[in-house]
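Below, each chain spelled out in residue letters.
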Amino acid sequence: FVFFQEMEKLIACAHKRPDALCRLICFPWAGGGTLQLAQWGKLFSDSIEVFCIRFPGRETRLMEPFAKDMTSMVNEVTNVLLKELEEKPFAFFGHSFGSYLSFAVALQLKEKYRLEPVHLFISGANAPHSEGFLALKSLPVSDAKDEEILAYLQNLGGTPSELLHNEDIRKQMLLTIREDFRVLQTFLFEKAEMDIPLSCDITCFNGSDDKVHDVQAWQELTSGDTSFYELLGGHFYLLEPSNESVLTKHITRCIENAGL
């Protein structure tokens, strides 16, 4: 029962498919919840079940403290999901902050349990050992004024402006973004010279108008194939219905090609 509670807390699954061949585990962006990605479940066929990770400090976990650091988030995801991940093949999709978390979870699964996703889908993210990521980590978000963060968000285009007019929602969202960003700054990834950490294929998606990400460096992190796709739009290109459809079709193809 305790395990069931942990699952309910951590996972949003809007379309349960116990007979699916593969699970797609989705990791949202900083400040994000499970609303959008959990709904992807209805866009996939019966062979893919979609889980969306719910971070502490929001939605049904609003009363919980935010995560302290990346390690505690990785540990929670790994501990709660391990049994599920051992029982059938899985793929990861992460957007922005979620990309880094999904990569960190994949690393831990590989090192500790010799488990690996059949495919890692990265969206709107620099490789974690790249200059671009170091620059992102050094953004002074915790010291920034609310107005500066709001301007940055509106520039990224992911937050409906009507949300930002509601003061309570705005305060909560800014707090959540600051806290998620603080977690991101605790993520340390040192790429050793010889060691290639993963062997699964990696696909990197990006919005055409998003700031240029150092995506090529993802190639150095797997011995599998790496491919790169650009879709029309900014940092939150994935919220456009036309892009959602392209993404989910492409993800389906990749998972099917993994020959489960």
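Residues numbered from 1 in each chain as written. Predicted model: local features only at pLDDT ≥ 70, side-chain atom pairs only at ≥ 80, totals over all residues. Heavy atoms only, no water.

Inclusion rule: UniProt positions are given in the numbering used here, feature names are shortened, and annotations may be inferred rather than shown by experiment.
Per an unreviewed UniProt entry, the chain goes by the name S-acyl fatty acid synthase thioesterase, medium chain and belongs to Daphoenositta chrysoptera. What the UniProt record of the chain gives under Catalytic activity (unreviewed entry) is the line "(9Z)-octadecenoyl-[ACP] + H2O = (9Z)-octadecenoate + holo-[ACP] + H(+)". Quoted verbatim from the Sequence similarities (unreviewed entry) field of the UniProt record, the comment on the chain reads "Belongs to the thioesterase family."

1. Points about the sheet that holds strand S1 (residues 11-12)
The pairing of strands in a sheet happens through backbone hydrogen bonds and is either parallel or antiparallel. The following threshold applies: Each pair of strands is called paired provided DSSP finds at least two bridges between the two strands. Helix numbering and strand numbering both begin at the N terminus, where a helix is a DSSP run of H or I of at least 4 residues and a strand a DSSP run of E of at least 2. The criterion used for residue contact is that any of the two residues' heavy atoms lie within 4.5 Å. Only C-alpha atoms enter the line fits that serve as axes; for helices the fit covers just the stretch in contact. Angles between N-to-C directions range over 0 to 180 degrees.
Taken in spatial order, the 7 strands line up as S1-S3-S2-S4-S5-S6-S7 in an open sheet, and their pairing is mixed. Two strands bound the open sheet, and with one partner strand each, they are S1 and strand S7 (226-231). With 5 bridges joining them, strand S2 (residues 22-27) and strand S4 (residues 90-95) adopt parallel strand pairing. Bridge pairing links Phe27 to Gly94 in S4. Helix-sheet contacts for helix H3 (residues 70-87) involve S1, S2, strand S3 (48-53) and S4, and the interaxial angle to S2 is about 160°. Taken strand by strand, helix H9 (residues 241-257) contacts S2, S3, S4, strand S5 (119-123), strand S6 (201-207) and S7, and its axis lies near 170° from that of S6.

2. Describing H9
This is how the line gets drawn: Multiplying 1.5 Å by the helix residue count minus one yields the expected span of that helix.
The end-to-end C-alpha distance of H9 is 24 Å, a good match for the 24 Å that 17 residues give at a rise of 1.5 Å each. Immediately downstream of H9, the backbone of Gly259 shows phi near 60°, a positive value.

3. Quick look at the pattern of salt bridges
Here is the rule we go by: Salt bridge criterion: a side-chain nitrogen from Lys or Arg within 4 Å of a carboxyl oxygen from Asp or Glu. Whether a residue is buried, partly exposed or exposed follows from its accessible area with a 1.4 Å probe, protein chains only, as a fraction of its type maximum: under 20%, in between, or over 50%, in that order.
Applying the stated criterion across every chain, the model contains 14 salt bridges. The closest approach of N and O atoms between Arg23 and Glu84, which form a salt bridge, is 3.1 Å. Within this pair, whereas Arg23 is found in strand S2, its partner Glu84 is found in helix H3, the two being separated by 61 residues in sequence. Lys110 is the partner of Glu116 in a salt bridge, and the nearest nitrogen-oxygen pair spans 3.2 Å. Accessibility expressed as a relative area gives 28% for Lys110, which makes it partly exposed.

4. Here's the deal with the packing of aromatic side chains
Worth spelling out the cut-off: A pair of Phe, Tyr and Trp rings is counted when the ring centres sit within 6.5 Å of each other, with Trp represented by its six-membered ring. The angle between the planes then sorts it: under 30 degrees is stacked, over 60 is edge-to-face, the rest tilted.
Tallied over the full model, the rule gives 11 aromatic pairs. Their ring planes at 75° and their centres at 5.4 Å tell us that Trp29 and Phe236 sit as a pair that is edge-to-face. Of the two residues, Trp29 is situated in the loop between S2 and helix H2 (35-38) and Phe236 in the loop between S7 and H9; the sequence distance between them amounts to 207 residues. Relative accessible area serves as the criterion here: at 11%, Phe236 is assigned to the buried category. Cluster of aromatic residues (ring-pair linked, three or more members): Phe27, Phe90 and Phe92.

5. Concerning the packing of helix H6 (residues 146-156) against helix H8 (residues 167-184)
As a reminder of what qualifies: Relative orientations are named as follows: roughly parallel for angles under 35 degrees, roughly antiparallel for angles over 145 degrees, roughly perpendicular for angles from 65 to 115 degrees, and oblique for any other angle.
H8 packs onto H6 with a crossing angle of 85° between their chain directions and a minimal axis gap of 11 Å. Classified by the angle their axes make, H6 and H8 are roughly perpendicular. Here Asp146, Ile149, Leu150 and Leu153 of H6 lie close against H8, whose contacting residues are Arg170, Met173, Leu174, Ile177 and Arg178.

6. A look at the side chain of Thr203
This is how it is decided: A 3.5 Å cut-off defines polar contacts: any pair of N or O atoms within that distance qualifies, except that in protein one atom must be a possible hydrogen donor and the other a possible acceptor, and neighbouring residues in sequence count only when both atoms are side-chain atoms.
For Thr203, the position within the fold is in strand S6. The class for Thr203 is buried, based on a relative accessible area of 0%. A polar atom in the side chain of Thr203 sits 2.6 Å from the side chain of His119. A polar contact of 3.5 Å, which involves the side chain of Thr203, links it to the side chain of Ser227. Beyond its immediate sequence surroundings of up to four residues, Thr203 is in contact with His119, Leu120, Phe121, Ile122, Ser227, Tyr229, His250 and Cys254.

7. Description of the pairing of S5
Two faces, one strand: in a regular strand the side chains alternate between the faces of the sheet. As a reminder, the rule being used: Here the term right-handed applies to a crossover when the path leading from its first strand over the helix to its second strand runs clockwise, the strands being oriented away from the viewer.
Counting buried residues in S5 gives 5 out of 5 residues, a clear majority hidden from the surface. What you see with S5 is no split at all: His119, Phe121 and Ser123 on one side and Leu120 and Ile122 on the other are buried throughout. As defined by bridge partners, S4 adjoins S5 across 4 bridges and the pair is classed as parallel. From the neighbouring strand, Phe92 faces S5, where its bridge partner is Leu120. For the crossover that starts at S4, traverses helix H4 (residues 97-113) and ends in the parallel S5, the hand is right-handed.

8. Observations regarding the environment of Glu8
Following the sequence through the fold, Glu8 ends up in helix H1 (residues 2-10). Residues Glu8 and Val80, 72 residues apart in the sequence, show an inter-C-alpha distance of 10.0 Å.

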